[in-house]
Amino acid sequence: MKRNSILLSILSVSTALIVSCSTVEKEEATTLKEALGDKFLVGVAINSNQAGGTDTAGVALIKQQFNSIVAENCMKSEVIHPEENRFDFTLADQFVAFGKKNDMTIIGHTLIWHSQLSPWFCVDEKGKNVSPELLKERMKRHIQTIVSRYKGEIKGWDVVNEAIEDDGSFRQTKFYEILGEEYIPLAFQYAHEADPEAELYYNDFSMAHPGKRDAVVKLVNKLKNQGIRIDAVGMQGHLTMSFPTPAEFEKSLLAFASTGVNVMITELDMTVLPWPSKKLGADISANFAYEKEMNPYPEVLPDSVSQAWNERMGEFLRLFVKHANVITRVTVWGASDEDSWRNNWPIKGRKDYALLFDRNHQPKPVVTSIIKEVLNTKKANP
Ligand code: G3I
């Protein structure tokens, strides 16, 4: 009897030890998608080296940490529809295949955008604006060819990108010049016709500006009143160390959610680099001293800056967790620091530290703390 109970105690102690060790291991090994995946999609923008598999370390990180991907560049019109009568789906097909192979939620970016726009799109052979009717036809063919090709595979599309200025006025793009604001509902309508199941998003940056906030709310309400499908507002989230305040960002997030659509953080990153105060151009690249000043951390990020970055990024990530009831996706704009567009804009060849994983693909402290915090909250409220 006694021997049996001793044996039992030994067994239960060792089981407890095994269980608690594996819990510790599990906690340490927990990834972003494991920790946050029940709150919102945890996404990343991927480039063609990643979709094509040549960046093997990048691919490993993406598969380990994220459950959703968006095309950083390969679905933009100049890549996917370079000439009026020629689509090129090579890179887009590769991107979608990557998502399917890895069982990820795939997001399309972007159908109508003034930037990286194919040069032929809005003009005739003489370079003059085409008629409103012809532009509508071109938009319809562009949108419907792409959306139907990936029908059922792409969950949602950034239909219109960056149509509104910070002060709330419409951006003076070729689309606006030729069609006025009507181009926006038309784009949504064409996309919906091509894939009625696909989610449709309006996506923009600097959304914490009050003027932009109000204009986007107005736009969403107008689309809804017209019976046009719109599922979410994408707040890009290209942050700096001073703009925006989390409070202003939160105001916009809540304002968008109050229209009844979801909110997505679609292009999250945060630069630590200074913004050039002088006019950009050849002068900057020609002036070594000035360049150096604009690229203050060419080797490593000093601890004090790194700490400030992690703290500020933490404030935003906590804000997203707090509003997980209306946020359906948080996507970072690149897997690791080396992938960030911030290294090359607005000045080429700088070294920025804008993303959640460093150049060795290691998580920044904020990643580890958020995972820990979320797991602790789950443990406290099972
Ligand atoms: O494709 C050419 C390649 O052939 C050439 O060898 C190379 C040489 O520099 O340039 C390549 O094109 C670059 C392209 O990225 C692909 O790497 C362009 O010069 C460069 O301007 C382009 O930048 C992209 C930018 O959009 C263009 O506006 C960034 O990678 C991409 O991260 C950025 O993403 C945008 C979102 O789509 C919308 N919201 C803002 C966000 C940041 O600007």
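Scroll up to find the structure this text is about.
Described below are features of the structure shown in this document. Residue numbers run consecutively from 1 along every chain, following the written order of its sequence. Predicted model: local features are reported for residues with pLDDT of at least 70 only, side-chain atom pairs are reported and counted for 80 or more only, and whole-chain, interface and lining totals are derived from all residues. Water and hydrogen atoms were dropped before computing side-chain values, which therefore reflect all heavy atoms in the structure.

This brings us to the overall build of the protein. Within the protein one finds 15 helices and 9 strands. Counting only residues that meet the buried cut, the protein has 51% of its 382 residues in that class. Excluding contacts between residues fewer than 6 apart, the proportion of contacts in the protein whose partners are at least 24 apart in sequence is 77%. With the model as given, the accessible surface of the protein reaches about 18200 Å², and the carbon-plus-sulfur share is 54%. Starting at the N terminus, helices and strands are each numbered in turn, a helix being any DSSP run of H or I of at least four residues and a strand any DSSP run of E of at least two. Note on classification: 1.4 Å probe, protein chains only; a residue is buried when its accessible area is under 20% of the maximum for its type, exposed when over 50%, partly exposed between these limits. Contact criterion: two residues are considered in contact whenever any of their non-hydrogen atoms come within 4.5 Å of each other. Per-residue and other accessible areas were derived by the Shrake-Rupley procedure at a 1.4 Å probe size, with only the shown protein chains allowed to occlude residues.

For the rest of this paragraph, the subject is the packing of aromatic side chains. Pairing of aromatic rings covers Phe, Tyr and the six-membered ring of Trp, with a centre-to-centre limit of 6.5 Å; geometry is then stacked below 30 degrees between planes, edge-to-face above 60, and tilted otherwise. Applying the stated rule across the entire model yields 11 aromatic pairs. A centroid spacing of 4.8 Å and a plane angle of 10 degrees characterise the contact between W120 and F121, whose relative ring orientation is stacked. Accessibility classification places W120 together with F121 in one group, the buried group. Summarising the aromatic geometry, the rings of W275 and W345 are spaced 5.4 Å apart at their centres and angled 55 degrees between planes, so their arrangement reads as tilted. Separated by 70 residues along the polypeptide, W275 in the loop between strand 8 (262-270) and helix 12 (282-286) and W345 in the loop between strand 9 (327-332) and helix 15 (365-380) bring together distant segments of the chain. Note on W345: relative accessible area 41%, which makes it partly exposed. Among the aromatic residues, those joined into a ring-pair cluster are W120, F121, F175 and Y183. If you follow K212 out to its NZ or CZ, it ends over the ring of F205, 4.1 Å from the centre. Only when the NZ atom of a Lys or the CZ atom of an Arg is both within 6 Å of the ring centre and within 35 degrees of the ring normal do we say a charge sits over the ring.

Attention shifts here to the pairing of strand 5 (residues 199-204). In terms of burial, strand 5 is largely enclosed, as 6 of its 6 residues are buried. Every second residue of strand 5 is oriented toward a common face, with E199, Y201 and N203 on one face and L200, Y202 and D204 on the other, all of them buried. Any two strands between which DSSP finds at least two bridges are classified as paired. Here strand 4 (residues 154-161) pairs with strand 5 via 5 bridges, running parallel. From the neighbouring strand, D158 faces strand 5, where its bridge partner is Y201.

Looking now at the site of the ligand. When we say a residue is near a molecule or strand, we mean one of its heavy atoms is within 4 Å of it. In the region of the ligand, 14 residues are neighbours, and E72, K76, H109, E162 and E267 sit closest. Q236 has a polar side-chain atom sitting 3.1 Å from a nitrogen atom of the ligand. Within the complex, the protein chains bury 50% of what would otherwise be the 800 Å² of accessible surface of the ligand. Under the convention adopted here, Pro, Cys and the residues Ala, Val, Leu, Ile, Met, Phe, Trp and Tyr are nonpolar, Asp, Glu, Lys and Arg are charged, and Gly plus all remaining residues are polar. Here the residues of the shell around the ligand sort into 3 nonpolar, 7 polar and 4 charged. The definition of a polar contact used here is a pair of N or O atoms within 3.5 Å, where within protein one atom must be able to donate a hydrogen and the other to accept one, and adjacent residues in sequence count solely through side-chain atom pairs.

Over its 12 residues, helix 11 (residues 246-257) extends 16 Å from the first C-alpha to the last, a length consistent with the 16 Å expected when each residue adds 1.5 Å. Within helix 11 the residues assigned to the buried category are P246, F249, E250, S252, L253, A255, F256 and A257. Against the buried residues of helix 11 lie helix 10 (210-225), strand 6 (232-235), strand 7 (238-239), strand 8, helix 14 (303-322) and strand 9. Expected helix span is given by 1.5 Å per residue-to-residue step, counting one fewer step than there are residues.

Within strand 3 (residues 105-112), 7 of the 8 residues are buried, which leaves the element mostly enclosed by the surrounding structure. Both strand 2 (residues 68-71) and strand 3 contribute to a ladder of 3 bridges, which runs parallel. Bridge assignment links I69 to a residue of strand 3, and that residue is I106. In this fold, strand 3 hands off to helix 7 (residues 132-149), which returns the chain to strand 4; that crossover is right-handed. Call a crossover right-handed when, viewed with both strands pointing away from you, the route from the first strand across the helix to the second goes clockwise.

An α-helical turn contains 3.6 residues, so any two residues separated by three or four positions project in the same direction. Taking 1.5 Å of rise per residue, 16 residues should cover 22 Å, and helix 10 covers 22 Å from first to last C-alpha, within 8% of that figure. Turning to helix 10, its buried residues are K212, R213, A215, V216, V217, L219, V220 and L223. Where helix 10 is buried, its residues contact helix 9 (183-194), strand 5, strand 6 and helix 11. One or two residues past the end of helix 10 sits G227, with phi positive at roughly 80 degrees.

Function cannot be read off these values alone, since they describe shape.
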